[in-house]
Amino acid sequence: MVISVNGTEITEANIAAEIALAVAAGQPEGDELRDGAIQELILRKLMLDEAARLGISTASDEETVGTLLDQEVDFEDADEATARAFYDQNPANFVQGEMAAASHILFSINDAASAGLVKAKAEGVLEQVQSNPAQFATLAREHSTCPSGQEGGALGKFGRGQMVPEFEAAVFSTAPGEIAPGLIETQFGYHIIQVTERESGEAVSYDDVKERLQEFLTDMAGRKATHAYLAKLLAAAKVEGYQFPVF
């Protein structure tokens, strides 16, 4: 089906060129890359159309888009009070050197149809582990779809930021020697987690991070405002031949 934005076609040649740029930048090829290229082309077209409507004209499309966003996207830089409040409300984000060692049993989900069966199997193994934690390594070798299963599920030692968020949150909220109370679902499947070691880190002072934190929060505010602006343009546009995901 032909893809068009407000009556202007996005051709396969346009999509191929966008994909080539993404691959050259190091992104892996696949369906997600094609979707990303199409979405980028749609949003760029919408911004260029809006710039033309507002009489914005520059030497290049990139400069035109930048000028449009500078002019139309409004947000405030994060001040010190905002940064301080974020620091006080998120103490776990400002601990340096916190480490843990853990083992897991992974149950991969291959397709939506089998997800229920996989979860039921994982819950059964979790009950066995909870009733007899000494069986963890044996059950990991028997059931885990992760290569670490051959090592009894052992993942070694790691710090914050090295695991996917759901897994990390479970590990760093479980005491050493304990098993996380329920199954942990991540993009990889269902995990049974046993924490074997925890090392406390040291809190980083506010003064040490305030400048970088203000920059981070300002950047996040800008991204949020830009997202809202693009969503507004998209809602008012006529896009045919492609179902844009919830934006």
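Residues numbered from 1 in each chain as written. Predicted model: local features only at pLDDT ≥ 70, side-chain atom pairs only at ≥ 80, totals over all residues. Heavy atoms only, no water.

1. What about the nonpolar core?
Grouped together as the largest cluster of nonpolar side chains are 27 residues, with contacts concentrated most on Ile10, Ile15, Ile42 and Leu46. Ranked by residue count, the leading element in this core is helix H2 (residues 31-53), at nine residues. Apart from the residues within four sequence positions on either side, Ile42 is in contact with Val5, Ile10, Leu234, Val239, Tyr242 and Phe244. Counting residues in each nonpolar core, the second largest holds 13 residues, with Val125, Val129, Leu139 and Ile192 among its members. (Core = buried A, V, L, I, M, F, W, Y, C linked by side-chain atoms within 4.5 Å. Buried < 20%, exposed > 50% of the residue type's maximum accessible area, 1.4 Å probe, protein only. Helix = DSSP H or I, 4+ residues; strand = E, 2+ residues; numbered from the N terminus. Contact = heavy atoms within 4.5 Å.)

2. A short note on the sheet that holds strand E7 (residues 189-199)
Taken in spatial order, the four strands line up as E5-E4-E7-E6 in an open sheet, and their pairing is antiparallel. Here the strands that pair on one side only, and so sit at the sheet edges, are strand E5 (154-159) and strand E6 (184-186). Taking each pair of neighbouring strands and ignoring which way they run, the sheet shows an average axis angle of 45°. By the bridge criterion, ten bridges tie strand E4 (residues 99-108) to E7 in an arrangement that is antiparallel. The residue of E7 that forms the bridge with Phe107 is Tyr190. Packing of helix H6 (residues 136-143) onto the sheet brings it into contact with E4 and E7, and relative to E4 it is tilted by some 40°. (Pairing = 2+ DSSP bridges. Axes fitted to C-alpha atoms, helices over the stretch in contact; angles between N-to-C directions.)

3. Some points on the domain arrangement of the protein
Each assigned domain of the protein is listed here: domain 1 (3-78 + 211-240) and domain 2 (96-203). Taking only C-alpha atoms, the centre of domain 1 and the centre of domain 2 are 39 Å apart. (Domains from an automatic or database assignment.)

4. Points about the side chain of Glu168
Here Glu168 is to be found in helix H7 (residues 165-171). With sequence-adjacent residues up to four places away left out, Glu168 is seen in contact with Gly159, Arg160, Gly161, Gln162 and Met163.

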